[in-house]
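What follows is the residue order along each chain.
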Amino acid sequence: MKYCSTSPLPDLSTVSRSRVPTAGRRALTHIAPPLACFAVLLVLGIPSAATAQQVLASAQAGEPFGVATIEIPLAAGVPIGSQPPLRVTDAQRRVFYPVGQEIRQKLVPPSERPVPEAGQGRLLRRVGSLIREITSRDQPTEETVARRISFLFQGSEPMVVALSDTSGVIGEYQLNPESNPATHAQLLNQWWSDYTAAAKTRIDAGDYPPWVETYLVAMLSGRLHLPMPAWFTTETEAGDTLVSTLKLMAGAEQATEAMFRQAAMGQPLAPDMSRVVPVPAAPRWTQPIPNPGGANDNTAIEPLATRVPPECFYIRYGSFENYLWFRDLSEEYGGDVSRMVTLRGFRSPGTKAIETQLNLEMNQLSRMLGPTVIEDQAIIGRDLYLNDGATLGVLFKVKNAFLFRTSLQNDRATRAKSDDAIELGDTTIAGKTVSLLQSADNRVRSFMVEDGEYILVTNSETMARRFLEVGESGQSLAATSEFRLARRLMPIEREDSLFAYFSPQMLQGLVSPEYLIELRRRIDAKSDVTLVQLAKLAAAAEGAATVSIDQLIQRGYLPNNFSERSDASGIVELGDSVIDTRRGARGTFLPIADIELQNVTAEEALWYSRIAASYTSRFPHMDPIMAGVQRETVFAGGDQNATVERLAIHAEIAPWSPAQYGKYAQQLGPPTRVAMQFAPDDIVAVQAHVASEQLGPPTHLFAAIKDSVPPNPDDFDGLIKTYRALKQLPGYIGAWPSPGAIDRLPLGLGRGTPVGPGMSRLIGGIYRYTGGGFSVLSFYPDLLTASLPFLASIEVEDAAQLRGRIGNLRGSQLESWVTNQLYQRSATSSLAGADFLGMLSRQLRVPPADALAATQDIFATDLQCTLGGEYQFQPQVDQWQSTAWHGTQPPLSSPLDYAHPIMQWFRGGQFTLTQYDDRLVVDAIVDAARN
């Protein structure tokens, strides 16, 4: 490979610096062939540089892009990842798609070095090095010896580029491109290898959908005729059909990423798979359970449930005050209750988007009037796809229909007047006049339908019609045998603050061909909208004028078969927005229940038929799920202290069929009222009543951890490191009655050496106590001895197989460890988010001032810092940073004022799980601090 000739820049600074001699500059173009792969450049324009810095560079012109590489050797090898990545810019804006990479070389381990001569301790040091090599498999095997940056460029004229990193500007270099097709191909392949490897690294580190990295790899591969990397095209293992279907229904990122990659590559279906075929049949579900009460069933049912279609889920608040409690709890976390547990790299629209779409946003007046006009209310729907566009509504039982209707109508009229894109009118559904507030992109879609003292506000025409039909026929959720069983198990006398019920009909609907096939098509539609947004950015970055979707396809920014769909829908631009012609805008897609599935492709039919067959043979009926939440204040708080609420959660799956749920459901022993009593200083304790061939008859297994600072999770990487980490963990594990598995170990390993009454020391420094039917293991004999007086099997009121508790971590030693572990994950995601914003500028030339808005266009939601800060661009270092960092990088360990979301409110909890022959019951109590 021959590198380009170069010439130094004119001296732009008054600071003296060394120059490459004239003869040396000429010699660069006449290097002997074995060394012709390097051209030496002079660094210029750095006032602090006392001497010139030599680099290795090459540039080859070509179409549609030339390619260049610059390497900076290091004076000595350094640990991998210790050097900041290089950045490249040029005043003429000819540089595109740069990528930095470390040049590594292998470290020679002690076992591969020559054996030293005996004497002066050399041989002993060699033996010590060999032992360290064997016991420390995490030692680095490579080191970084140089930094490289490669990039594409336009044109063939000489160009001046500036290199920098997070420490500042390194220098300016003039490149004189040459034209050698063979060298161009070689450099292009090297750039592509670096580029795709860097994309994979960002994808693995990011806590956001990898749409940008995926698009750039697919687009550049197509335009430059470069092979897709193996990680891009390798199909994930199909695995269990039921599990993969659940992932799709749950919106698992693995499923959506695979479909986005296919859309970005533009892989067409084979002709025999694209033909239109009839809609495949749904799974053959078993019949619902009969009503045990029969005609004499007098189970108390709330009137609101008599207006809910059976195919809907049902989340009832019972009163307006309960609704306000839940809404205020949600608002404390930005309208997204999941933020109580963790912060993701992007904001979930949560309830805000639904309130906006239905035009049911809360204000102070509605908070005041609500209790006087609303008797009962619930959220009902066919699905909970809140991020894409759910099928749901809010059902009210009102005390004063006139006052409530007038209030809603006034709000709807005000909304329509405030936005020309929103229309308010009437439509006819099931013979009744229904108010409809809507926008063309479905950002607002609100049907208001009234039937006596019941009013439903929904985004689904199908649900509005079914609501009216149920009122006429009486065939409601309340009339089903499963719901009546639920109300016998969880009667309305419980007065739950929140009661949720997911009917078998609703769960079966999620697996219907209408839902699953449309769900796949939705993902395709989301992918296409995102691809158009990214293609427009890429075209603008390369200097293309405003172009249409057809032009983006012609110029290679979109695949040739872009948006070819069997349902004849497509992508159009509506003002500044990009929407799907059938479904509307991302985030507020047309409800799936309102989309009629008329035909499918052979590929869709084959895919769904496999799913239907799996459910028919392995999961022939859906078990209803119910849950209730009760709350009470256990600490009223004060000026300095938060109020602590105790949430009692009771959940059941009934009827329940353990055989459907595989081996895990069959590993538990029978329910038992026998429980383990732990030592009072155990801050975490769990126990399970299990039955297996290895342990013999039903056995209680238990484990506990003292309040301490446990080892880091990384310390459990590898057998020896795991052993060392466990030795640092102050806790114990045990069984009762004593299982025979340990005693049956060969060579008497389970018995060990007696060291005291009932105590023996096993190989590896583990201590075992045996007595009273207990067998307990720990690395700490003193800890074991101190805990033994408290260990006992006791009788409790409730029967269960699994039990656990976590004490209040506030002020404990474990709190700092948990906080730091959560912080490390959040800091990694926070850094990845900042790098993503920087990537938009480096790869797609998005100005920093527009980066956050561009992110919203790409993801249809906002990027958020997982440390709770705000992303800001710092021009002095050309870097995005978070206000939570207080510097250029997140602190290595959690700051004293850092509090992870879950640590802000969690004040302890406990749970039990009980599996009966016909039902599964989970009870949990959680103490939560409230602002």
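Residues numbered from 1 in each chain as written. Predicted model: local features only at pLDDT ≥ 70, side-chain atom pairs only at ≥ 80, totals over all residues. Heavy atoms only, no water.

Student: A description of the overall build of the chain should follow, citing residues and the corresponding values.
Tutor: Assigned secondary structure in the chain consists of 24 helices and 36 strands. Counting over 931 residues, the chain shows a buried share of 50%. (Helix = DSSP H or I, 4+ residues; strand = E, 2+ residues; numbered from the N terminus. Buried < 20%, exposed > 50% of the residue type's maximum accessible area, 1.4 Å probe, protein only.)

Student: Quick rundown of the sheet that holds strand β7 (residues 159–165)? Include the residues and the values.
Tutor: Taken together, the 3 strands give an open sheet; going across it, the order is β4-β7-β8, and neighbouring strands pair in antiparallel fashion. If you trace the sheet from one side to the other, it starts and ends with β4 (87–89) and β8 (168–175), each paired once. Strand-to-strand twist across the sheet, computed as the mean angle between neighbouring axes with direction ignored, equals 25°. As paired elements, β7 and β8 share 7 bridges and run antiparallel to each other. The residue of β8 that forms the bridge with Leu-163 is Gly-171. (Pairing = 2+ DSSP bridges. Axes fitted to C-alpha atoms, helices over the stretch in contact; angles between N-to-C directions.)

Student: Residues and numbers for the nonpolar core, please.
Tutor: Grouped together as the largest cluster of nonpolar side chains are 69 residues, with contacts concentrated most on Tyr-97 and Trp-191. Judged by nonpolar contacts, the second largest core, of 64 residues, contains Tyr-323, Ala-500, Met-506 and Phe-906. (Core = buried A, V, L, I, M, F, W, Y, C linked by side-chain atoms within 4.5 Å.)

Student: Describe the environment of Ala-250, and please don't skip the residues or the numbers.
Tutor: Relative to the elements of secondary structure, Ala-250 occurs in the loop between α6 (241–249) and α7 (253–265). Residues Ala-250 and Tyr-385, spaced 135 residues apart in sequence, show a C-alpha to C-alpha distance of 8.4 Å.

Student: Give a detailed account of the confidence of the model for the chain, specifying residues and quantitative values.
Tutor: Mean pLDDT for the chain: 85, with 85% of residues reaching 70 or above. Ignoring residues within four places in sequence, the model shows residues 1–52, a span with pLDDT below 50, making 97 contacts including any to other chains. Confidence drops under pLDDT 50 across residues 715–720; counting only partners more than four residues distant or on other chains, this segment forms 9 contacts. (pLDDT = per-residue confidence, 0-100. Contact = heavy atoms within 4.5 Å.)

Student: Describe in detail helix α3 (residues 181–205), supporting the description with residues and values.
Tutor: The end-to-end C-alpha distance of α3 is 36 Å, a good match for the 36 Å that 25 residues give at a rise of 1.5 Å each. Among all positions in α3, only Thr-183, His-184, Leu-187, Leu-188, Trp-191, Trp-192, Asp-194, Tyr-195, Thr-196, Ala-198, Ala-199 and Ile-203 are buried. One side-chain oxygen at the N-terminal end of α3 lies 3.1 Å from the backbone nitrogen of Ala-182; it belongs to Asn-180. (Expected span 1.5 Å × (residues − 1). Polar contact = N/O pair within 3.5 Å; in protein donor to acceptor, adjacent residues only side chain to side chain.)

Student: So what's going on with α6? Which residues, and what values?
Tutor: Taken together, the buried positions of α6 are Leu-242, Thr-245, Leu-248 and Met-249. Buried positions in α6, seen along its axis, are confined to an arc of 120° and lie on one side of it. Of the surrounding secondary structure, the elements contacted by the buried residues of α6 are α7, α15 (504–510), α16 (513–541) and α18 (602–618). One or two positions beyond α6, positive phi appears at Gly-251, with a value near 70°. (Arc of directions from axis to C-beta.)

Student: Explain the pattern of salt bridges to me, and be specific about the residues and the numbers.
Tutor: Summed over all chains, the structure comprises 43 salt bridges. A salt bridge links Arg-405 to Glu-450; its shortest N-O distance comes to 2.6 Å. Highlighted residues: Arg-405 in helix α12 (residues 401–418) and Glu-450 in strand β15 (residues 445–451), separated in sequence by 45 residues. Here Arg-583 ties to Asp-580 by a salt bridge, and the two come within 3.2 Å at their closest N and O atoms. There is no split in this pair, since Arg-583 and Asp-580 are both buried. One salt-bridge network, in which partners are shared between bridges, spans Glu-518, Asp-528, Arg-565, Asp-567, Asp-580, Arg-582 and Arg-583. (Salt bridge = Lys/Arg side-chain N within 4 Å of Asp/Glu carboxyl O.)

Student: Tell me about the pairing of strand β21 (residues 625–635), and please be specific about residues and values.
Tutor: Alignment of strand β17 (residues 498–502) against β21, held across 5 bridges, turns out to be antiparallel. Of the residues in β21, the one forming a bridge with Leu-498 is Val-629. Here β21 pairs with strand β22 (residues 643–653) via 10 bridges, running antiparallel. Counterpart to Thr-633 in the pairing with β22 is Glu-645.

Student: I'd like a description of the side chain of Asp-383, backed by residues and values.
Tutor: Following the sequence through the fold, Asp-383 ends up in the loop between β11 (374–381) and β12 (392–398). Although Asp-383 is buried, it makes no salt bridge; Arg-522 carries the closest opposite charge, 5.6 Å away. A polar side-chain atom of Asp-383 sits 3.2 Å from the main-chain amide nitrogen of Tyr-385. Engagement of the side chain of Asp-383 in a polar contact is seen with the side chain of Tyr-515, the distance being 2.5 Å. (Lys, Arg positive; Asp, Glu negative; His and termini not counted.)

Student: Go over the environment of Leu-537, please, and point to the residues and values.
Tutor: Here Leu-537 shows up in helix α16. If we skip the residues at most four places from it in the chain, Leu-537 touches Leu-844, Val-846 and Ile-858.

Student: Which residues make up the packing of aromatic side chains, and what are the values?
Tutor: Applying the stated criterion across every chain, the model contains 29 aromatic pairs. Ring geometry for Trp-191 and Tyr-195: centres 5.0 Å apart, planes at 35°, overall tilted. A residue pair is termed a helical-turn pair when its members lie 3 or 4 positions apart in one helix, as Trp-191 and Tyr-195 do in helix α3 at 4 residues. In this structure Tyr-195 comes out as buried when scored by relative accessible area, which is 2%. On the basis of an interplanar angle of 70° and a centroid distance of 6.4 Å, the ring pair of Tyr-314 and Phe-499 is categorised as edge-to-face. In this pair, Tyr-314 is assigned in strand β10 (residues 313–316) and Phe-499 in strand β17, connecting sequence segments 185 residues apart. Judged by its relative accessible area of 2%, Phe-499 is buried. Here the aromatic residues Tyr-317, Phe-320, Tyr-323, Trp-325 and Phe-326 are joined through ring pairs into a cluster of three or more. (Phe/Tyr/Trp six-rings, centres within 6.5 Å; stacked < 30°, edge-to-face > 60°.)

Student: Just give me the short version of the packing of helix α4 (residues 211–224) against α16, but keep the residues and values in it.
Tutor: Between α4 and α16, the least distance of the axes is 10 Å, while the angle of their chain directions is 65°. When the interaxial angle is binned, α4 and α16 end up roughly perpendicular. In this structure, α4 crosses over α16, and the sense of that crossing is right-handed. Seen from α4, the contacting residues are Trp-211, Val-212, Tyr-215 and Met-219; seen from α16, they are Thr-530, Leu-531, Leu-534, Ala-535 and Ala-538. (Parallel < 35°, antiparallel > 145°, perpendicular 65-115°, else oblique. Left-handed = near helix turned anticlockwise from the far one by under 90°.)

Student: Describe unusual backbone geometry, naming the residues involved and giving the relevant values.
Tutor: With omega at -5°, the peptide bond leading from Glu-63 into Pro-64 counts as cis. Tracing the chain through its elements places Pro-64 in the loop between β2 (54–60) and β3 (66–78). Positive phi, close to 60°, is recorded for Asn-359, a residue that is not glycine.

Student: So what about the packing of helix α22 (residues 813–844) against helix α23 (residues 848–859)? Which residues, and what values?
Tutor: Contact geometry of α22 with α23 gives a least axis separation of 10 Å together with a crossing angle of 105°. If you check the angle between α22 and α23, you find them roughly perpendicular. Counting all contacts with α22, which are made through Phe-836, Leu-837, Leu-840 and Ser-841, the residues of α23 involved are Pro-848, Ala-851, Leu-852, Ala-854, Thr-855, Ile-858 and Phe-859. Tallied by class, residues from the contact of α22 with α23 come to 9 nonpolar, 2 polar and no charged. (Nonpolar A, V, L, I, M, F, W, Y, C, P; charged D, E, K, R; others polar.)

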